[in-house]
Amino acid sequence: MSIMEFQHNKSDGVYMSTGHRRQTSAEIVSEARRSLRSLATQRPFTPQEKNRQLFGESSSRARDGRPPSAFSLHARHFEAPDSRPGSGTRLNPLEHKPRVSVSLDEDGGDDEAALPKPPAERGGTRTGSGGSRARLLRATSVSKMPPMTPNAKNMSPEARIGGDQLDDGDNLRSADITKHKTKSSSETDLHTLRRPRIDVSSQSGSKPDADDSEDESVFWNTKVLPVLQEFESFAGGDAVSDEIVGQLCNSCNGLYDALAERGMLGRQCKKRSGILRILFRLIDVGSDRLNLTLAKLILALNVSGNNLLNICKLVFKISRNANNDALFLKGSILDSLVSLLQCDDVWSKGEAILYCVGSLKLLSGNSALSRLLLNKGFIAVLMQLSKRLMHGPSATSANVNTRKSDGEGQQIITGHILVQVTGALRNIADQSESRPSFLSNKAFSTLCLILENHRNDLDVCINVARIFSKLSTYTECCHALAETPRCCSLFLELLGKHSRKQDLVVRLLFTLGNLTAKSTEAREQVYEEEQGMDVLLDLFQAYLKTPSPPEQCCSPEREDVLVKLIRLLANLAIHPTVGTALAANTLCVQLLLKVLECRSVQESEELVINAVATINNLSFYPSQSSVIRSQHTHISQLLLKLLLGSSMDAVLEATRVFGNLSQIKDVRRFVMQHKVEQFVITLLDSKSPDVCFSACGVLINLSADPDNRAMLSAEGAVQKLVDCLRDFGPQDWHLAAVVCQTLWNCSLDGELQHAQELLEILRLYTDREALQWPSEDGVRQVQEARWELLFVPVAERLRQRLHIEDTI
């Protein structure tokens, strides 16, 4: 029995998973007998961006062609809300401004007609939109204002609410819309002429009955008007204390609750325009806490167009400061933002959606906020948004324009949004609790579709690659990804297309390495993909080749690519068909040997060790066409240098390769000529079962030659093997079986040293009742299967042989 039958992955746990069922005893033994090992490595590390922004410093997008992350935003950037479409005709201003009624009732009646006419303006009638606007608040019957306004001490309440001064109308305006292209001044003039009071006409046009009107009037005058008066008294640029900001936030939340209770959020509110004007004006107070509270209410009032864009930009601006994360944790603004992403027509809100998702991406970098978003179904929302973006605008959408330029614009904004979506998912993937959500929402197929549709967008590709590299480290996610159609094909295509983009290449190779470590199907898919192996070997050549300047040859980035690539080859070689083909591939073997020739363990330990481990897997296949076998002498010389080094991991891997190659007579002769067996015998003193197992792999083949047995015994191999059996037997029955087989070979020439001691150990270890078994049922099942099927047959045969010789 040779080492080829005994070697296995000693790093495997007691459970060897094949699907979700428990393995049979035969499967356990089959796994234990494998000589081939999958390799593990560290996930590529991505440092967190120093600055929170839409696109990172390494973004492939040109700075002048992408939406900005930094901008100024004030009340004047918001447009005066209109409830009716503009006529497009500019009207002449009125000669005077009508006095605003205190009542917020829709029916002005005779009270409005009885308003006195103010004196004419000095210097003639004012022209333009400012002269025609009505004051927002002129509550003449209210004699007192809340005593919290910082600019109130030198003003009378009447003056603050709206006296007869001509500039009040301008002071109360919430936006100077002359700077915006989307609204003409004529539209604003028409709007204000029709609405001279804070309360605007109902958009529905249906007039409530007298009782409902009276009830609504009481509600507005008691619940809404006092809050609006409080808000209106603040001028932009005022210095406001934290205490007053807190009071304003409480008032804003109270207004939100009152409107929600009456079902007046959204566009149902008749006085929506007047409320929005005053809310926009408060933005100039300059408090992030207040602005976030305002944003929640403004979004609830269902703003659109430029106002929606600006409020999303305002939230994004606040989210850029990590010190504001606590504000998002305390409030409920996250619900509003997540809800906005679920709109049916993302195309009419494209840039607003961009800044909304961008805000959530930045916030998801905070672990507490990330978990909070996860609990709100954030992954499902982003998956649905991605599907809508990739399907394009519906044919019935009023915003669809079939012009080519519009289609290109939609493609650009889709790419920008998907960068934010995938960036947020990348952050969420750091949470272990996110895995069930990724699986239940079939996120892997959607992400692969994003990759396929945006394969030229490096920012999107890198984000998706980072998601896969994180999630593929978990078994259940790895299997789900491996089962996603064309995933391996897509990864190989991207590796060929973006071969020089190291941060993308290293993550795709890492993900493929994870898939091929756990999935036979993934190994087959990678190997069977047309030109797939050519892509990998081309990458191997490109990154191993000395770059210009030569100093970059050992750069950490290039070396990390090689580490992940060689690990992928090692995992592919586990499949018999692939392993045999790679062992016969001259270029593949030459590249692996070049790593050993050009790199040292001291400089590139993981790279060298991975290369040796890959050679070990390839040396498992005794094919006549194997280049590994035909170059055994050169390989043995390279391995000898590793055995004499200081790295124990490198020694272990080199010993494993000798365990396979020592089946070749010339290699056994090389080992004995260079006294390698003495070093191997010394390894039996190791306290590591892995090292002892690898040493036995070499000794079992060396002891098969009669000429070597006497020398091995003289060098103390038998005594060390007996000690190894005693120390490790009950812990590792597979190792114990290999030790017994080695001792069997050593006993072929006659009497075996230390036979009595060995018989006592075998008598004890073959008695089931005398052994102590683990208490856990699953672990005990595996231990008993390995003891019964691997150890007992070899131990009983050796015991009988020693007993016969003892009686003779």
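Residues numbered from 1 in each chain as written. Predicted model: local features only at pLDDT ≥ 70, side-chain atom pairs only at ≥ 80, totals over all residues. Heavy atoms only, no water.

Draft legend 1. Just the overall build of the chain, in detail. The number of helices and strands found in the chain is 41 helices and zero strands. For the chain, the proportion of its 808 residues judged to be buried stands at 54%. Pairs at least 24 residues apart make up 79% of the contacts formed inside the chain by residues separated by at least 6 positions. Just so you have it, the chain exposes about 35400 Å², and 47% of that area is on carbon and sulfur atoms. (Helix = DSSP H or I, 4+ residues; strand = E, 2+ residues; numbered from the N terminus. Buried < 20%, exposed > 50% of the residue type's maximum accessible area, 1.4 Å probe, protein only. Contact = heavy atoms within 4.5 Å. Areas by Shrake-Rupley, 256 points an atom, 1.4 Å probe, with all protein chains shown as cover.)

Draft legend 2. Representation of helix α35 (residues 676–683) in the model. Inspection of α35 places V676, E677, V680, I681 and L683 among the buried residues, and these make up the whole buried set. On an axial view of α35, the arc spanned by its buried residues comes to 150°, and they lie on one face. Those residues of α35 that are buried are in contact with α32 (632–643), α33 (648–661), α34 (665–673), α36 (689–702), α37 (706–714) and α38 (717–728). (Arc of directions from axis to C-beta.)

Draft legend 3. How the structure looks around the pattern of salt bridges. Per the stated rule, a full pass over the model turns up 21 salt bridges. Residue K376 pairs with D335 through a salt bridge whose shortest N-O separation is 2.8 Å. Here K376 is found in the loop between α16 (367–375) and α17 (378–391), whereas its partner D335 is found in helix α14 (residues 333–340), with 41 residues between them in sequence. Its salt-bridge partner being D666, residue R669 comes within 2.8 Å of it at the nearest N-O pair. Of the two residues, R669 and D666 are both situated in helix α34; the distance of three residues between them amounts to about one turn of the helix. Connected through shared salt-bridge partners, E452, R455, R486 and E493 make up one network. (Salt bridge = Lys/Arg side-chain N within 4 Å of Asp/Glu carboxyl O.)

Draft legend 4. The arrangement of the packing of aromatic side chains in detail. Under the defined criterion, the tally for this structure stands at nine aromatic pairs. A centroid spacing of 6.1 Å and a plane angle of 85° characterise the contact between F219 and W220, whose relative ring orientation is edge-to-face. Assigned by exposure class, F219 and W220 land together as buried. Aromatic pair F620 and Y621: ring centres 5.2 Å apart, planes at 85°, arrangement edge-to-face. The exposure class of Y621 is buried, given its relative accessible area of 7%. Put simply, the rings of F444, F468 and F491 pair up and form one aromatic cluster. Against the face of F219 rests R262, its NZ or CZ located 4.6 Å from the ring centre. (Phe/Tyr/Trp six-rings, centres within 6.5 Å; stacked < 30°, edge-to-face > 60°. Lys NZ or Arg CZ within 6 Å of the ring centre and 35° of its normal.)

Draft legend 5. Structural view of the packing of helix α29 (residues 586–598) against α32. The interhelical angle for the contact between α29 and α32, taken along N-to-C directions, is 35°, at an axis separation of 10 Å. Considering how the two elements wind past one another, α29 and α32 form a crossing that is left-handed. Of the residues in α32, those in contact with L593, L596 and E597 of α29 are H634, I635 and L638. (Axes fitted to C-alpha atoms, helices over the stretch in contact; angles between N-to-C directions. Left-handed = near helix turned anticlockwise from the far one by under 90°.)

Draft legend 6. Structural view of helix α15 (residues 350–363). Its 14 residues give α15 an end-to-end C-alpha distance of 20 Å, which sits within 8% of 20 Å, the value for a rise of 1.5 Å per residue. Within α15, 13 of the 14 residues are buried, which leaves the element mostly enclosed by the surrounding structure. (Expected span 1.5 Å × (residues − 1).)

Draft legend 7. Structural context of the confidence of the model for the chain. For the chain, per-residue confidence averages 79 on the pLDDT scale, and residues scoring 70 or more make up 74% of the total. Under a pLDDT of 50 for its full length, residues 83–90 has, in the predicted model, 16 contacts with residues more than four places off or in other chains. Scored below 50 in pLDDT, residues 395–402 shows six contacts in the model against residues more than four places distant or in partner chains. (pLDDT = per-residue confidence, 0-100.)

Draft legend 8. The arrangement of the packing of helix α10 (residues 272–282) against helix α11 (residues 288–300) in detail. One can describe the packing of α10 onto α11 by two numbers: an axis separation of 10 Å at closest approach and a directional angle of 160°. Taken as axis vectors, α10 and α11 run roughly antiparallel relative to one another. Crossing angle aside, the handedness with which α10 passes α11 is left-handed. For the pair α10 and α11, contact is made by L276, L279, F280 and L282 and by L290, N291, L294, L297 and I298, respectively. In terms of residue class, the contact of α10 with α11 is built from eight nonpolar, one polar and no charged. (Parallel < 35°, antiparallel > 145°, perpendicular 65-115°, else oblique. Nonpolar A, V, L, I, M, F, W, Y, C, P; charged D, E, K, R; others polar.)

Draft legend 9. Summary view of a negative patch on the surface. Judged by side-chain charge, E483, E521, E524 and E528 come together as a negatively charged surface patch. For E528, the location among the structural elements is in helix α25 (residues 520–528). (Patch = residues over 30% accessible without salt bridge, like charges linked within 9 Å, V, L, I, M, F, W, Y side chains within 5 Å. Lys, Arg positive; Asp, Glu negative; His and termini not counted. Charge placed at Lys NZ, Arg CZ, Asp CG, Glu CD.)

Draft legend 10. Region of interest: the side chain of T742. Here T742 is to be found in helix α39 (residues 733–746). Beyond its immediate stretch of four places on either side in the chain, T742 contacts C696, L699, I700, S703 and L721.

Draft legend 11. Quick look at unusual backbone geometry. Positive phi values are uncommon outside glycine, yet N302 reaches one of about 60°. With respect to the element layout, N302 can be found in the loop between α11 and α12 (305–319). By relative accessible area, which is 39% here, N302 ends up partly exposed. One non-glycine residue, K675, lies in the positive phi region at around 55°. Residue placement: K675 occurs in the loop between α34 and α35. K675 gets classed as partly exposed once you look at its relative accessible area, which sits at 45%.

Draft legend 12. Quick peek at the environment of R435. With respect to the helices, strands and loops of the structure, R435 is situated in helix α19 (residues 435–440). R435 gets classed as buried once you look at its relative accessible area, which sits at 17%. For the pair R435 and L471, spaced 36 residues apart in sequence, the C-alpha to C-alpha distance is 7.4 Å.

Draft legend 13. Local environment of the environment of R277. Here R277 shows up in helix α10. Considered as a pair, R277 and E232 are 45 residues apart in the sequence and their alpha carbons are 9.5 Å apart.

Draft legend 14. Focus on the state of the cysteines. Per the stated rule, a full pass over the model turns up zero disulfides. In this structure C252 is a free cysteine whose sulfur lies 7.2 Å from that of C249, the closest cysteine sulfur available. Classification of C252 as buried rests on a relative accessible area of 1%. (Disulfide = S-S within 2.5 Å.)

Draft legend 15. Here's a closer look at the environment of A239. Relative to the elements of secondary structure, A239 occurs in the loop between α8 (210–232) and α9 (242–261). Spatially, the C-alpha atom of A239 lies 7.6 Å from that of V285, the residues being 46 residues apart in sequence.

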